[in-house]
Each structure stands twice: as C-alpha cells, then as structure tokens.
Amino acid sequence: MPSRSVRLYTAAQFEEVRSLVDLVAERSDLPPAERERLHAFQADLKQTLREDRRRAAGTARLSAATARLSRDA
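Residues numbered from 1 in each chain as written. Predicted model: local features only at pLDDT ≥ 70, side-chain atom pairs only at ≥ 80, totals over all residues. Heavy atoms only, no water.

Trainee: Sorry if this is basic, but what is going on with the nonpolar core here?
Mentor: Considering soluble globular proteins, one finds that nonpolar side chains tend to be buried as a cluster. In terms of nonpolar packing, the biggest core is built from six residues, these being Phe14, Val21, Ala25, Leu38, Leu45 and Leu49. For this core, the elements supplying multiple residues, two or more each, are helix H1 (11–27) and helix H2 (32–72). In contact with alanine 25, not counting residues within four places along its chain, are Arg35, Leu38 and Gln42. (Core = buried A, V, L, I, M, F, W, Y, C linked by side-chain atoms within 4.5 Å. Buried < 20%, exposed > 50% of the residue type's maximum accessible area, 1.4 Å probe, protein only. Helix = DSSP H or I, 4+ residues; strand = E, 2+ residues; numbered from the N terminus. Contact = heavy atoms within 4.5 Å.)

Here it is in structure tokens:
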C-alpha cells in the first residue's frame, strides 16, 4: 500500500507554534548546543511554512484553472 501524507496541523497552528518557538528562543538562556538545535528547528519550521504556503497557492491556481477549463468546455 502506498504511503500517504497526513496533515496533522493546520497552517494557523503551524504559525502559532512558530511564534511560540521564536518567543522561547528570544527569552531563553540555553547552552550553546541546545540554542543551535533550537535555531535549526526554527529554520525547519519556517521552511515548512513557506512550502505549505507555496503548495496552497499552487493548489488554488490549479483549482481556478480547472474550473475555468470546465466552464469553457
């Protein structure tokens, strides 16, 4: 059986987590190794959000184009 991606969180929830992680990073006096791990997590989270936005924009464009083709047919 092929694997399928399952969305566990909404875009709004990801944004909330990103805000909380940023806040923790600003207020934290973590040791250097943990601070690096936190910064890496922040970068991964930001990349995920960018990709989700790009994917959502592409899906919206595809849906609009499909609707236009259906209407014109």
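Trainee: What am I meant to see in the pattern of salt bridges here?
Mentor: As a working rule, side chains carrying opposite charge can pair if their charged atoms are close by. Taken as a whole and judged by the stated rule, the model has four salt bridges. For the salt bridge of glutamate 15 with arginine 18, the shortest nitrogen-to-oxygen distance reads 3.3 Å. Of the two residues, glutamate 15 and arginine 18 both sit in helix H1, three residues apart, roughly one turn of that helix. Take arginine 18: its relative accessible area is 23%, and that puts it in the partly exposed class. Taking the shortest distance from any N to any O, the salt bridge between aspartate 52 and arginine 55 comes out at 2.8 Å. Remark: arginine 55 and aspartate 52 occur in helix H2; sequence separation between them is three residues, near one turn of the helix. We classify aspartate 52 as buried; its relative accessible area is 13%. Where salt bridges share partners, they join Glu15, Arg18, Asp22 and Arg53 into one cluster. (Salt bridge = Lys/Arg side-chain N within 4 Å of Asp/Glu carboxyl O.)

Trainee: Whenever I open this one, the side chain of glutamine 42 confuses me. Can you help?
Mentor: Examined against the element boundaries, glutamine 42 turns out to sit in helix H2. On the basis of relative accessible area, glutamine 42 is assigned to the buried category, the value being 10%. Apart from the residues within four sequence positions on either side, glutamine 42 is in contact with Val21, Asp22 and Ala25.

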